[in-house]
Amino acid sequence: MTTIDYSVWDHIEVSDDEDDTHPNIDTPSLFRWRHQARVERQDAFQKQGEELEKSLAESKKKLTEAQKKVRELEGAATDEAKATLAKAQAEEKQARKEERSWEKKVDEYRREEKKQPWNVDTLCKEGFSKSVVNHLPEVKDQTEEEKEEKHKTFVEKNEKQIKHFGMLRRWDDSQKYLSDNSHLVCEETANYLVIMCIDLEVEEKHSLMEQVAHQTIVMQFILELAKSLKVDPRGCFRQFFAKIKTADQQYQDAFNDELESFKERVRGRAKIRIEKAMKEYEEEERQKRLGPGGVDPVEVYETLPVEMQKCFDEKDIGLLQDAISKMDPTEAKYHMKRCIDSGLWVPNSRVDLGVDDDDDKEDDKDDEPKYEELKKETAEMTLKEEEK
């Protein structure tokens, strides 16, 4: 059977106001004098201990310096150096002796301290002398470039951990992971998760997007809680999980509403990004299609009369010559020029057609295409399937 040691209570000094006094003595004054005398004795004893500790520290410092000096002089060759070394060794020996002496005095003081009777002043001590609140430090305004650089550096260092947090599902798992990686509780993590959600929606990974969206709102709720309490987010994320896990219906509803709203915003941003990407792709393809005159063959084809469109669909030069002959010359000339500029109509070299040099010289004077050439020369009609 375990026995309880009550000897610790054997040296308790009664309070100054517990014993009886003579009726002719001013009792309150006597109690004050007793208390004052006891406090003065305690202060003197404590001051003695502080002086002993200070003397011991000084002796240790003196011994360290002496030992250092001896090490520097070791291996002395000259008589003078040897004499200095001997003196330093003697100082080291004396310093060591003084240190042991002060250690002995401190040990005696501590033994005496343990024998001191307990009283109301030593039994009841102040537990906390001040309250510490983990307030947010004042942060200077950052430029957009500084914010971008900070975000980039943080993501490069913690991208794998952020993605892992984004894939967690259970409250307890999220709380434990943030407890082990509290540096993730910050604005940069929330921003990366938002971008991650949009990327997943663009890739049509809808279920995965909704999972990461949930973790994004978790982080944003923690940041909002920290902002309202004016504390560091790393110091209050446990409060969020404690509140959300207690099934507070109003708080849970607010969380779910914000989550659904966020997912709708993500879908909207993803749609805009897709539309922008499609426009950029179409413009790139359009630039690739441009003919020698810088005109888009698809646009030209869509503006041609139906009869001419049919000619290009069937790539029938004879049919095109017949259609041109039935059109107003000015209109025919306009359409044929656009066909040549866009690459729909590519005239071949007239040298192979037996045209003499004089005719070539005359033609060089007028570079404007003439629709009448259709009747005299062979040409290539081009219209790609994807351009229709």
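Just so you know, these numbers come straight off a predicted model, no measurement behind them.

1. Topic: the packing of aromatic side chains
Then, number 1: For the structure on display, the rule yields 10 aromatic pairs.
Then, number 2: Look at Phe-221 and Tyr-251: their rings are 5.8 Å apart centre to centre, the planes differ by 80°, and that puts the pair in the edge-to-face class. Remark: Tyr-251 occurs in helix H9 (residues 249-289) and Phe-221 occurs in helix H7 (residues 206-229); sequence separation between them is 30 residues. The pair Phe-221 / Tyr-251 is uniform in exposure class, with both members buried.
Then, number 3: Here the aromatic cluster, defined as three or more aromatic residues joined through ring pairs, consists of Trp-171, Phe-221, Phe-240, Phe-241, Tyr-251 and Phe-255.
Then, number 4: Across from the ring centre of Trp-102, 4.4 Å away, lies the NZ or CZ of Lys-105, which sits over that ring.

2. Side note on the nonpolar core
A general trend in soluble globular proteins is that nonpolar side chains are found buried together.
Then, number 1: By size, the foremost hydrophobic cluster in this structure holds 40 residues, and its most contacted members are Phe-165, Leu-178, Ile-222 and Phe-240.
Then, number 2: Looking at which element gives the most residues to this core, the answer is H7, with 11 residues.
Then, number 3: Counting residues in hydrophobic clusters, the runner-up holds 17 residues, among them Met-308, Cys-311, Ile-324 and Trp-345.

3. Considerations on the side chain of Gln-175
Then, number 1: Tracing the backbone shows Gln-175 in helix H5 (residues 171-180).
Then, number 2: Accessibility expressed as a relative area gives 18% for Gln-175, which makes it buried.
Then, number 3: At a separation of 2.9 Å, a polar atom in the side chain of Gln-175 contacts the side chain of Lys-245.
Then, number 4: Once you skip the residues sitting within four places of it in the chain, Gln-175 turns out to touch Phe-237, Arg-238, Phe-241 and Lys-245.

4. Let's talk about the pattern of salt bridges
Then, number 1: The tally for this structure, following the rule as stated, stands at 21 salt bridges.
Then, number 2: Across the salt bridge formed by Arg-170 and Asp-173, the nearest N and O atoms sit 3.1 Å from each other.
Then, number 3: Residue Arg-170 is classed as partly exposed on the basis of its relative accessible area, which comes to 48%.
Then, number 4: Note on Asp-173: relative accessible area 33%, which makes it partly exposed.
Then, number 5: It is possible to trace a salt-bridge network through shared partners that takes in Arg-170, Asp-172, Asp-173 and Lys-245.

5. Description of the packing of helix H6 (residues 187-202) against H7
Then, number 1: Orientation of H6 relative to H7, taken along the N-to-C sense of each, is 160°, at an axis distance of 9 Å. Classed by the angle they form, the pair H6 and H7 counts as roughly antiparallel. Taken as a pair, H6 and H7 cross one another with a handedness that is left-handed. For the pair H6 and H7, contact is made by Glu-187, Thr-189, Ala-190, Leu-193, Val-194, Met-196, Cys-197, Leu-200 and Glu-201 and by His-206, Leu-208, Met-209, Val-212, Ala-213, Gln-215, Thr-216, Met-219, Gln-220 and Leu-223, respectively.

Conventions we followed
- Residues numbered from 1 in each chain as written.
- Predicted model: local features only at pLDDT ≥ 70, side-chain atom pairs only at ≥ 80, totals over all residues.
- Heavy atoms only, no water.
- Phe/Tyr/Trp six-rings, centres within 6.5 Å; stacked < 30°, edge-to-face > 60°.
- Helix = DSSP H or I, 4+ residues; strand = E, 2+ residues; numbered from the N terminus.
- Buried < 20%, exposed > 50% of the residue type's maximum accessible area, 1.4 Å probe, protein only.
- Lys NZ or Arg CZ within 6 Å of the ring centre and 35° of its normal.
- Core = buried A, V, L, I, M, F, W, Y, C linked by side-chain atoms within 4.5 Å.
- Polar contact = N/O pair within 3.5 Å; in protein donor to acceptor, adjacent residues only side chain to side chain.
- Contact = heavy atoms within 4.5 Å.
- Salt bridge = Lys/Arg side-chain N within 4 Å of Asp/Glu carboxyl O.
- Axes fitted to C-alpha atoms, helices over the stretch in contact; angles between N-to-C directions.
- Parallel < 35°, antiparallel > 145°, perpendicular 65-115°, else oblique.
- Left-handed = near helix turned anticlockwise from the far one by under 90°.

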